[in-house]
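Inside the fold
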Amino acid sequence: MAPWTSAVGAPQLARLLTSQHTGTSGRTGPVRPAYRRLCDGIRILVLEGRVPVGARLPAERELAAALKVSRTTVATAYEALRAEGYLASRRGAGSWTALPEGSPLPTGGLEPLPPEAADTMIDLGCAALPAPEPHLTAAFEYALTELPPYTHTHGDYPAGLPVLREAVARHYTARGVSTMPEQIMITTGAMGALAALTRLFTPRGERVAVEHPSYANILQLLRESGVRLVPVALSDRRPGWDLTAWRQVLRDSAPRMAYVIPDFQNPTGVLVDDEQRRDLVTAARAVGTLLVADETMAELTLDDVPGQRPVAAFDTGGSTVVTVGSVSKTIWAGLRIGWIRAAPETVRSLTAARAYADLGSPVLEQLAVAHLLDTDWEPAMRLRRDRARENRDAVTGALRQHLPDWEFALPHGGLTLWARTGGLSGSRIAEAGERLGVRVPAGTRFGVDGAFEAYVRLPFTLADPLATEAVARLAAAADLVRSGAVGGSPTPRSYVA
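What counts as what
The residue count restarts for each chain, going from 1 along the sequence in the order it is written. Residues qualify for local features only when their pLDDT is at least 70, as the model is predicted, and side-chain atom pairs are given and counted only at 80 or more; totals for whole chains, interfaces and linings, by contrast, use all residues. Here the side-chain values reflect all heavy atoms present in the structure, with hydrogen atoms and water set aside. A run of DSSP states H or I qualifies as a helix once it reaches four residues; a run of E qualifies as a strand once it reaches two. Both are numbered from the N-terminal end. Counted as a polar contact is a pair of N or O atoms within 3.5 Å, where, for protein atoms, one must be capable of donating a hydrogen and the other of accepting one, and residues adjacent in sequence contribute only when both atoms are in side chains. Residue contacts are defined here by distance: any two heavy atoms, one from each residue, within 4.5 Å place the two residues in contact. Strand pairing requires that DSSP identify at least two bridges connecting the strands. Throughout, an axis means a line fitted to C-alpha atoms (over the contacting stretch in the case of helices), and angles, computed between N-to-C directions, take values from 0 to 180 degrees. What is meant by a nonpolar core is a set of buried Ala, Val, Leu, Ile, Met, Phe, Trp, Tyr and Cys residues, joined one to another through side-chain atoms within 4.5 Å. Burial classification: accessible surface area is computed with a 1.4 Å probe over protein chains only, and a residue below 20% of its type maximum counts as buried, one above 50% as exposed, and the rest as partly exposed. Pairs were defined over the aromatic rings of Phe, Tyr and Trp, the Trp ring being its six-membered one, requiring ring centres within 6.5 Å. Orientation was assigned from the angle between planes: stacked under 30 degrees, edge-to-face over 60, tilted for the rest. Consider the ring centre and the ring normal. A charge sits over the ring if Lys NZ or Arg CZ is within 6 Å of that centre and within 35 degrees of that normal. Comment on the angle field: the value is read as roughly parallel under 35 degrees, roughly antiparallel over 145, roughly perpendicular from 65 to 115, and oblique elsewhere. In this scheme the handedness of a crossing depends on how the near helix is turned from the far one: anticlockwise by less than a right angle means left-handed, clockwise means right-handed. Gly is placed with the polar residues, together with every amino acid not listed as nonpolar (Ala, Val, Leu, Ile, Met, Phe, Trp, Tyr, Cys and Pro) or charged (Asp, Glu, Lys and Arg). The predictor attaches a confidence to each residue, called pLDDT, with possible values from 0 through 100. Salt bridges are defined by distance alone: a side-chain nitrogen of Lys or Arg within 4 Å of a carboxyl oxygen of Asp or Glu.

**Some thoughts on the side chain of Thr202**
Mapped onto the elements, Thr202 comes out in the loop between helix H8 (189-201) and strand S7 (207-212). Among the polar contacts made by the side chain of Thr202, one reaches the main-chain carbonyl oxygen of Thr198 at a distance of 2.8 Å. Discounting residues that sit within four places of it in the chain, Thr202 has contacts with Leu197, Val208, Val227, Arg256 and Met257.

**What about the sheet that holds strand S9 (residues 257-260)?**
Strand order in this open sheet of 7 strands is S6-S12-S11-S10-S9-S7-S8, and the pairing throughout is mixed. Because the sheet does not close on itself, it has two edges, and the strands there are strand S6 (184-187) and strand S8 (228-233). With strand direction ignored, the average angle separating the axes of adjacent strands in the sheet is 20 degrees. Bridging between S7 and S9 involves 3 bridges; their strand directions are parallel. For Val210, the partnering residue across the bridge sits in S9 and is Tyr259. Packing of H8 onto the sheet brings it into contact with S6, S9, strand S10 (290-294), strand S11 (321-326) and strand S12 (338-341), and relative to S11 it is tilted by some 155 degrees.

**Structural notes on the nonpolar core**
One recurring pattern in soluble globular proteins is that nonpolar side chains are buried together. Ranked by size, the top nonpolar core spans 66 residues in total, and within it Leu164 and Leu458 carry the most contacts. Elements supplying a minimum of two residues to this core: helix H5 (135-146), helix H7 (162-174), S6, helix H13 (363-402), strand S13 (416-420), helix H14 (426-435), strand S15 (455-459) and helix H15 (466-483). Among the elements that line this core, the one with the most residues is H13, at 15 residues. Ranked by size, the runner-up nonpolar core spans 29 residues in total, among them Ala196, Val210, Ile261 and Ala342.

**What about the side chain of Thr416?**
Here Thr416 shows up in strand S13. When its relative accessible area of 1% is taken as the criterion, Thr416 is described as buried. In terms of polar contacts, Thr416 uses its side chain to reach the backbone carbonyl oxygen of Pro267, at 3.1 Å. Excluding residues that lie within four positions of it along the chain, Thr416 makes contacts with Ala127, Gln265, Asn266, Pro267, Thr268, Gly269, Pro411, Arg457, Leu458, Pro459 and Phe460.

**Here's the deal with the environment of Val363**
With respect to the element layout, Val363 can be found in helix H13. A sequence separation of 80 residues divides Val363 from Ala283, and the C-alpha atoms of the two residues are 39 Å apart. Contacts of Val363, omitting those with residues within four sequence positions, involve Leu147, Tyr150, Gly155, Tyr157 and Leu161.

**As for unusual backbone geometry**
Omega for the peptide link from His212 to Pro213 comes to 10 degrees, which places this bond in the cis form. Within the chain, Lys68 stands out as a residue other than glycine whose phi angle is a positive 60 degrees. Relative to the helices and strands, Lys68 resides in the loop between helix H3 (60-67) and helix H4 (71-84). The backbone of Ala254 shows a phi angle near 50 degrees, a positive value even though the residue is not glycine. Looking at where Ala254 falls in the secondary structure, it is placed in the loop between helix H10 (243-253) and S9.

**Topic: the packing of aromatic side chains**
In this structure the tally under the stated criterion is 5 aromatic pairs. Measuring from centroid to centroid gives 6.0 Å for Phe452 and Tyr455, while their planes differ by 75 degrees, and the two rings are edge-to-face. A single burial state applies to Phe452 and to Tyr455, both of which are buried. The structure contains a cluster of three or more aromatic residues connected by ring pairs, namely Trp418, Phe446, Phe452 and Tyr455. Sitting over the ring of Phe314, Arg309 keeps its end group 5.1 Å from the ring centre. Its end group placed over the ring of Tyr172, Arg341 keeps NZ or CZ at 6.0 Å from the ring centre.

**Things to note about the pairing of strand S4 (residues 94-97)**
On a regular strand, one side chain projects to one face of the sheet and the next to the other, so that they alternate. Bridging between strand S3 (residues 87-90) and S4 involves 4 bridges; their strand directions are antiparallel. Note on S4: the bridge partner recorded for Leu87 is Thr97. Where S3 hands over to S4, the hairpin turn is made up of 3 residues, of which Gly92 adopts a positive phi near 85 degrees.

**A look at the environment of Val177**
Structurally, Val177 can be placed in the loop between H7 and S6. Through-space distance from the C-alpha of Val177 to that of Ala312 is 7.1 Å; in sequence the pair is 135 residues apart. Apart from the residues within four sequence positions on either side, Val177 is in contact with Tyr172, Pro310, Ala312, Ala313 and Arg341.

**Digging into H14**
Summarising burial for H14: 9 of the 10 residues are buried, a large majority. Those residues of H14 that fall on the buried side of the exposure criterion are Gly426, Ser427, Arg428, Ile429, Ala430, Glu431, Ala432, Gly433 and Glu434. Count one or two residues on from H14 and you reach Gly437, which has phi positive near 90 degrees.

**Re the environment of Pro404**
Structurally, the position occupied by Pro404 is in the loop between H13 and S13. The exposure class of Pro404 is exposed, given its relative accessible area of 62%. The spatial distance from the C-alpha of Pro404 to the C-alpha of Ala475 is 9.8 Å, given a sequence separation of 71 residues.

**Some thoughts on the packing of H10 against helix H11 (residues 274-287)**
Two elements in contact, H10 and H11, have axes separated by 9 Å at closest approach and are oriented at 10 degrees. Between H10 and H11, the interaxial angle falls into the category roughly parallel. Between H10 and H11 the crossing geometry is right-handed. Contact residues: H10 offers Leu243, Trp246, Arg247, Leu250 and Arg251, while H11 offers Gln276, Asp279, Leu280, Ala283, Ala284 and Val287. Residue classes in the contact of H10 with H11 are distributed as 7 nonpolar, 1 polar and 3 charged.

**Topic: the confidence of the model for the protein**
Here the protein shows a mean pLDDT of 90. Residues at 70 or above account for 90%. Below pLDDT 50 for its whole length, residues 22-28 participates in 16 contacts with residues either more than four positions away or in separate chains. Scored below 50 in pLDDT, residues 488-497 shows 25 contacts in the model against residues more than four places distant or in partner chains.

**Regarding the pattern of salt bridges**
Inspection of the entire model under this criterion finds 26 salt bridges. A salt bridge links Arg36 to Glu84, with the shortest nitrogen-to-oxygen separation between them at 2.8 Å. Here Glu84 lies in helix H4 and Arg36 lies in helix H2 (residues 34-48), a separation of 48 residues in the sequence. For the pair shown, Arg36 and Glu84 are each scored as buried. Each of Arg32, Arg36, Asp40, Arg43, Glu84, Glu431 and Arg435 takes part in one network of salt bridges that share partners.

This is the structure in structure tokens:
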């Protein structure tokens, strides 16, 4: 049996390594040998998860040709990686990526911080807030009184509890999109919804168009399902989508599915206007592409901006747009309740396929969400918006104070801010940040093939004074990168104060 589980080709590895050099001009630190820069670059790719652990690396001669360096440079870099525990080799089997003994698997700053590390590491990786209380507890108390009749059943409801499907349908109707309960399927969060849609509509090898940048966890889900990602850059002229680029991709690539976040996009915070929504639905319908609109951030409006209609409002035929929603961002990620709004025949197909996935979502949580939607939604949302707004203002104020050369557009909603890192490598800032006790995901996690190296994503999860302390540590990390101190021998990836 081969000692590796995947392989990375020389051209692909060269692209990933080249992307790390974005914005490194002006660096004042000492010049490192070429082999050291290559060793550090591969190590960062492994630690970020962009090159998997257990991936076979190209032969020395192949990588040298792709990078236009000497074979000696590659051989010396590989030897340094072996000495540091990031590479394993066997005669006749090649070399593959590894981690030093005792190191945690790389998460790229997106997995929830382990509870035991909360006292020593400030987490800017997870864009989720604590629950709005007392509303969540009250919803569960009510749900417990409604639970007994359900305990006399088998408890599996593949399409979701009727009471919750009806509540979600009423919620859409109130937002201006007439909806029947038959158009709703309850899922295990938005990720469960996207996984179900991907299994049903996109067999391995199918093309899926995505905004660029886009939500990192969905990009990874799509990669692991074996689809071919087709990135479409956001507009550089106005907030939102580049409709010219979208029409060309839809026409030329004919993707089976397209995934977009029209409301306070994760990671950029961009809000797409009604005109662009209408135009993209029209373009998708013309070529037969299923347009999946992720509206998990739709109701997290933090400023007085014009309200936008749900994307499904522009789908007059009802078969082009599928909407994904969730309470993970609006209420609490621990609920793990989401939904799909689609044509009834699509919901039936998804429900039938669920027998081979997770069978259904937890009953008690569904009852709690139904109660929230029907009786306590607006008070809970006011608490959520107020907290997110205060946190956003704390983070942006700290950025202006400690990192004035970083650029960002103030998001008017959602939970994330997309920052250009003053010409420095976001990957190296993320690595330096972990040394200094702050965890942040590099922009490359939200792109395809190493794009957005000069960015990081910052969520609105911290209030002052912790928000200011987190940004101060990022500023110290940026100083380490600027001085060239990051990229030498790695420190252990344990959590440090």
